[in-house]
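Overview (structure and organization)
Each chain is listed here by its residues.
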Amino acid sequence: MAFLSFEFLVFFALTAALHRALPSRFRNLFLLLAGYFFYATNQLVGLLLLVLSTLGDFFLAQGIAAQPDPRARKRLLVLGLVLNLGILAVFKYAVFVGDFFHTLLSRLHITYAQPVLRLILPLGISYYTFKKISYLVDVYRRKLGAERSFSRLALYVSFFPAIQAGPMDRAGELMTQFPAKDRPDSGRLVEGLQLIVWGLFKKLVIADRLAILVDTVFNQPGVFRGLIVALAAFAYAWQIYCDFSAYTDLARGLGRLLGFRLMQNFRQPYLARSIGDFWRRWHISLSTWLRDYLFLPVSYSLLRRFSRRPRLAPRADRFAYVVSVILTMVLCGLWHGAGWTFVVWGLLQGLFLVLSFLTKKVRRRAVRALGLNRRPRWHRPMRVAATISMVSFSWIFFRAASVRDALTLTADIFARPAGLSGVWTNGFFAGLSLLDLVVAGAAVAGLIAVEHLLEKTTLHQLLAAQPTWRRWMVYYLVIFAVLLFGVYGQPEFIYGRF
Amino acid sequence: MAVSDKAGSRRKLKGILFVLILGLLNWGLGRIYVGREMALSRIGQIERQFDQCRGQITTLAVGDSHMATGFDPRVLSGAFNFALHGETYIYNYFKLKHILDSNPQVRVVLLPLDLHSFSSWRADKELPDFYWVRYANYLELGWLSHEPLKYLGKYIRGRFFPYLGELGAVRGVPRQDRVKRPARRPDVIQGLVVKTGTYDENREKLALRRVRLHFFGHQAFDELVAHYFRKILELCAARGKTLVLVKFPVSEPYYRLATRRVAAAKIYRRADEMIRPYPNVRVFDYQKLFFDRDRLLFDDPDHLNEAGARILSLDIKRRLFDQTVGGMEAPSKGSSSPH
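Not measured: the values here are computed from a predicted model. (Residues numbered from 1 in each chain as written. Chains lettered and ligands numbered in written order. Predicted model: local features only at pLDDT ≥ 70, side-chain atom pairs only at ≥ 80, totals over all residues. Heavy atoms only, no water.)

1. Topic: a nonpolar patch on the surface
Residues and elements named next belong to chain A. A cluster of nonpolar side chains, Val 97, Phe 100, Phe 101, Leu 104, Leu 108, Ile 110, Tyr 112 and Trp 340, forms an exposed patch at the surface whose accessible area comes to about 730 Å². For the nonpolar patch, the element with the most residues is helix 4 (residues 70-107), which contributes four residues. On the secondary structure map, Phe 100 appears in helix 4. (Patch = residues over 30% accessible without salt bridge, like charges linked within 9 Å, V, L, I, M, F, W, Y side chains within 5 Å. Areas by Shrake-Rupley, 256 points an atom, 1.4 Å probe, with all protein chains shown as cover. Salt bridge = Lys/Arg side-chain N within 4 Å of Asp/Glu carboxyl O. Helix = DSSP H or I, 4+ residues; strand = E, 2+ residues; numbered from the N terminus.)

Structure (structure tokens):
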């Protein structure tokens, strides 16, 4: 059952109605079963893995919480981490690692028959694994008590609006909301519907339309000139943002209709003024997860080690930062997918962050020398443009089918930038008609304007502050834009594959 | 308390008003879209021509593009070609039932019986739902195909959101199946879709493309399509109509490649088994009729051009007259070929 399908609409309507009608004590179990049903319609085998691994984490967390001995607690935590990461490694990375070693050894003239692995990629495995790890670590750190109800924990792990692509709420934030207690009110309904319609607009009108242009260019590396490749890279930046944030909006909207509040996953990332700022705004549930459970523990540990070495001690903080940032971002890349393109993407992000950190003083001096610090109206757009350019450049590696393709596309940008040859065929611009281009351009421009407005408020508050007639005009415009200009027939989400 | 009740009632009223306006706008947009589509599309053109002939039709052709381009109703008085591109037996049945209800004077029904007639490609083929909701029973289709939600979705789309995702409707740029501009002469005559090209170049390549479209990745014999074929047979028998199944001529490359891909004998044997109990059914086999002239008489590997359609239609007329309408001889069972 695809998220964007009529079947899901019917399923959700029935689930929401029954959930509301049930007494509070049955709601968790009902939502859990509904979530498992949704999962099973997509992947029956994956459901077994989800249930068993959740059961394992449930008992491990009980053990960690009950154990007074710190060493024993740590051992249980390590066991939990090994189990969760082991499952993720087997199902997501086994083929990639196998291929890597096979290629490496064959270069050393050591050949062997590579076993053929036919593994499914369980739906949402990257997301629910990280959710479970954060739960175990929080219990270990005594930030959270071990959950005594399996259905509550299982519902947190498999909460169906967010199972496929997040957001990855922390157990302490989402689990405490189960079961939904508040009475149905029109405000919650309106807020949920606003998020859903806005999500549909981003996905169907912008993302899936831009996908046509992006696919045309990225599937034919070497065919188009640099200008078009650069345009496609920017288009992909908007496509992936609209696609992913649309999923988040839908998940949050559906959650709201059920009576829960999921975390905000994006905060206008393309208005970021630096790469660091970008990562505070992009995929917030992942970036904060990486910060709390990987970057900070690793950097503190490195800092302690480097501080003990006389040679490194004076700059221990810098070394610790650089190493942990690179490590975190490479792992962040790998989290997205088992492929070298994701590794390079993560590495690029890490390098950008490190460069941003190391050149901070130099840049500040340059800004002062140019007098830009006195002209924030000029300076800010320049910073935003520079950030979005770097991010879009790195997306080339994220989107390309292989590193070779990505390098070809990059070479096209710099080696032969000018010209539009091959881009107009039969009246279509890289697969898009003129009207599609106009719609995509207008929709992205509208989105940027809305993003500016949302810097200081939320969508719900922004709309609530408008007079009724204006609010309704916006509703009708967006609803009919979705119905009329939506590109239908592509129900998958990019981040649903991870 | 009273204030909050009043505010609650006001909110409810506003909500109802919002939904009403939304519904009204949606209805208006849907009407505009359907009106525009029916005015510009070939489907609409055929429907209008049919309406003009309503009550006078005695020979009715239904089917897919083979029938739409291959049977010229001008050769036979009281004939009308109501076939549409991509129309399967499933939709043929519903349409035929609808037409026979309001046109009891129809005596002969022509229907194609081709190699790809039972292919699941046809069952999956997308057709405009706003058109088919007028004829088809989506509830029955959903039940039989075990996909009730899919067909419920199609019904809702066809009935309430016909313009969904139809950006082209706004700009008014004609799609492939629309009449682009007033031509020197109409390209649809009594339902016949007139093709004027010849099949002279890239013959193998084009034939392979068509064979791939019809058979690759599809079941050659789809049970749902077969079920509706049976229902057509039952319908015609119950209403006392003569059903003529036409095996349309195809080009030599198409036939060769298609029979390499599918077991033609098996498909036709299964069709014959279904036909056998019905004495009102005739089969006219023309598949290889134009093998020696396929460059001239075809528009593409499996669609006749105007000249081909005329020659074929004259022969159909002659045989109809000989076998049924003229009453010269008693109807005989089974297949017959001009060769």
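2. What to know about the interface of chain B and chain A
Tallying the contact residues gives 22 residues for chain B and 21 residues for chain A. Note on chain B versus chain A: buried area summed over both sides is about 1900 Å², and carbon and sulfur give 80% of it. When the buried area of chain B at its contact with chain A is split by residue, B:Phe18, B:Leu149 and B:Leu167 rank highest and sum to 32% of it. The interface formed by chain B and chain A contains zero salt bridges. Mapped onto the side of chain B that touches chain A, the elements with two or more residues apiece are helix 1 (2-40), helix 8 (148-160) and helix 9 (167-171) of chain B. Sorting elements by how many residues they give to the side of chain B that touches chain A places helix 1 of chain B first, with nine residues. Tallied by class, the residues present in the side of chain B that touches chain A amount to 14 nonpolar, three polar and five charged. (Contact = heavy atoms within 4.5 Å. Buried area = accessible area lost by both parts, 1.4 Å probe. Nonpolar A, V, L, I, M, F, W, Y, C, P; charged D, E, K, R; others polar.)

3. Structural notes on helix 15 (residues 376-399) of chain A
Relative to the 34 Å expected for 24 residues at 1.5 Å per residue, helix 15 of chain A spans 34 Å between its end C-alpha atoms, a close match to the ideal helical length. Every buried residue of helix 15 of chain A is listed here: A:His379, A:Val384, A:Thr387, A:Ile388, A:Val391, A:Ser392, A:Ser394, A:Trp395, A:Ile396, A:Phe397, A:Phe398 and A:Arg399. (Expected span 1.5 Å × (residues − 1). Buried < 20%, exposed > 50% of the residue type's maximum accessible area, 1.4 Å probe, protein only.)

4. Let's talk about helix 8 (residues 186-218) of chain A
In an α-helix, one turn spans 3.6 residues; hence positions three or four apart end up facing the same way. For helix 8 of chain A, which comprises 33 residues, the first-to-last C-alpha distance of 45 Å matches the rise-based estimate of 48 Å (1.5 Å per residue) to within 8%. Along helix 8 of chain A, the helix axis deviates most sharply at A:Ala207, where the bend reaches about 30 degrees. (Bend = angle between axes of the 7 residues up to and from the residue.)

5. Looking at the packing of helix 3 (residues 44-66) of chain A against helix 4 of chain A
All names here are of chain A. As a packed pair, helix 3 and helix 4 sit with axes 8 Å apart at the nearest point and diverge in direction by 165 degrees. Relative to helix 4, helix 3 is oriented roughly antiparallel. As for the relative orientation of helix 3 and helix 4, their crossing is left-handed in sense. From helix 3, Leu 49, Ser 53, Asp 57, Leu 60, Gly 63, Ile 64 and Ala 65 reach across to helix 4, where they touch Arg 73, Leu 76, Leu 77, Leu 79, Gly 80, Leu 83, Asn 84, Ile 87 and Phe 91. When grouped by side-chain class, the residues that make up the contact of helix 3 with helix 4 number 10 nonpolar, four polar and two charged. (Axes fitted to C-alpha atoms, helices over the stretch in contact; angles between N-to-C directions. Parallel < 35°, antiparallel > 145°, perpendicular 65-115°, else oblique. Left-handed = near helix turned anticlockwise from the far one by under 90°.)

6. Regarding a positive patch on the surface
Residues and elements named next belong to chain A. A cluster of basic residues, Arg 267, Arg 273, Arg 280, Arg 315, Arg 318, Lys 360, Lys 361, Arg 363, Arg 364, Arg 365, Arg 368 and Arg 383, forms a positive patch on the protein surface. Within the fold, Arg 365 resides in helix 14 (residues 360-370). For Arg 365, a relative accessible area of 53% puts it in the exposed group. (Lys, Arg positive; Asp, Glu negative; His and termini not counted. Charge placed at Lys NZ, Arg CZ, Asp CG, Glu CD.)

7. Observations concerning the side chain of B:Gln287
Residues and elements named next belong to chain B. Structurally, Gln 287 can be placed in the loop between strand 7 (281-285) and helix 14 (294-297). With a relative accessible area of 7%, Gln 287 lands in the buried category. Residues within four places of Gln 287 in sequence aside, it is in contact with Leu 115, Lys 247, Phe 248, Pro 249, Val 250, Tyr 255 and Tyr 268.

8. Digging into the environment of A:Tyr128
Residue and element names in this part refer to chain A. Along the polypeptide, Tyr 128 turns up in helix 5 (residues 125-140). Tyr 128 sits in the buried class, given a relative accessible area of 1%. Measuring from C-alpha to C-alpha, the distance between Tyr 128 and Gly 222 comes to 38 Å, with 94 residues separating the pair along the chain. Setting aside anything within four residues of it in sequence, one finds Tyr 128 in contact with Tyr 39, Leu 49, Leu 50, Ser 53, Pro 122, Leu 123, Val 157 and Ile 163.

9. Brief notes about the pattern of salt bridges
Residue and element names in this part refer to chain A. Under the counting rule described, the total for this entry stands at 32 salt bridges over all chains. Close ionic contact of Arg 256 with Glu 191 constitutes a salt bridge, the shortest N to O distance being 3.2 Å. Linking Arg 256 in helix 9 (residues 226-258) with Glu 191 in helix 8, this pair joins segments that are 65 residues apart in sequence. Accessibility expressed as a relative area gives 11% for Arg 256, which makes it buried. Notably, a salt bridge pairs Glu 191 with Arg 261, separated by 3.2 Å at the nearest N-O pair. Residue Glu 191 is found in helix 8, and its partner Arg 261 is found in the loop between helix 9 and helix 10 (275-281); the two are separated by 70 residues along the sequence. The class of Arg 261 is partly exposed, set by a relative accessible area of 45%.

10. Describing the packing of helix 10 (residues 203-215) of chain B against helix 12 (residues 252-261) of chain B
All names here are of chain B. Helix 12 packs onto helix 10 with a crossing angle of 40 degrees between their chain directions and a minimal axis gap of 9 Å. With respect to helix 12, the axis of helix 10 lies oblique. Seen along the crossing, helix 10 lies across helix 12 with a hand that is right-handed. Listed contacts from helix 12 to Arg 203, Glu 204, Ala 207, Leu 208, Arg 210, Val 211, His 214 and Phe 215 of helix 10 are Pro 253, Tyr 254, Arg 256, Leu 257, Ala 258 and Arg 261. Looking at side-chain class alone, the contact of helix 10 with helix 12 contains eight nonpolar, one polar and five charged residues.

11. Concerning the domain arrangement of chain A
All names here are of chain A. According to the domain assignment, chain A contains domain 1 (6-181) and domain 2 (188-497). Each of domain 1 and domain 2 has a C-alpha centre, and these two points are 26 Å apart. Of the roughly 3100 Å² buried between domain 1 and domain 2 on both sides combined, carbon and sulfur atoms contribute 65%. Where domain 1 touches domain 2, the interface holds one salt bridge. In this structure, the salt-bridge partner of Arg 170 is Asp 292, at a minimum N-O distance of 3.1 Å. With seven residues, helix 5 is the single largest residue contributor to the side of domain 1 that touches domain 2. Class assignment of the residues belonging to the side of domain 1 that touches domain 2 gives a composition of 24 nonpolar, six polar and six charged. (Domains from an automatic or database assignment.)

12. A short note on the pairing of strand 7 of chain B
Residue and element names in this part refer to chain B. Counting buried positions along strand 7 yields five of five residues, so the element is predominantly enclosed. Burial of strand 7 is two-sided: the residues Val 281, Val 283 and Asp 285 facing one way and the residues Arg 282 and Phe 284 facing the other way are all buried. The pairing of strand 6 (residues 242-247) with strand 7 spans five bridges and is classified as parallel. Across the sheet, Val 244 pairs through a bridge with Arg 282, a residue of strand 7. (Pairing = 2+ DSSP bridges.)

13. Remarks on the nonpolar core
With 238 residues, the main nonpolar core has A:Tyr135, A:Tyr270, A:Trp282, A:Trp395, A:Tyr495 and B:Phe118 as its most contacted residues. The two domains that each donate at least three residues to this core are domain 1 (6-181) and domain 2 (188-497) of chain A. Excluding its chain neighbours within four sequence positions, the residues that come into contact with B:Phe118 are B:Tyr89, B:Leu113, B:Gln219, B:Ala220, B:Phe221, B:Asp222, B:Val225, B:Ala226, B:Phe229, B:Ile267, B:Ala271 and B:Met274. (Core = buried A, V, L, I, M, F, W, Y, C linked by side-chain atoms within 4.5 Å.)

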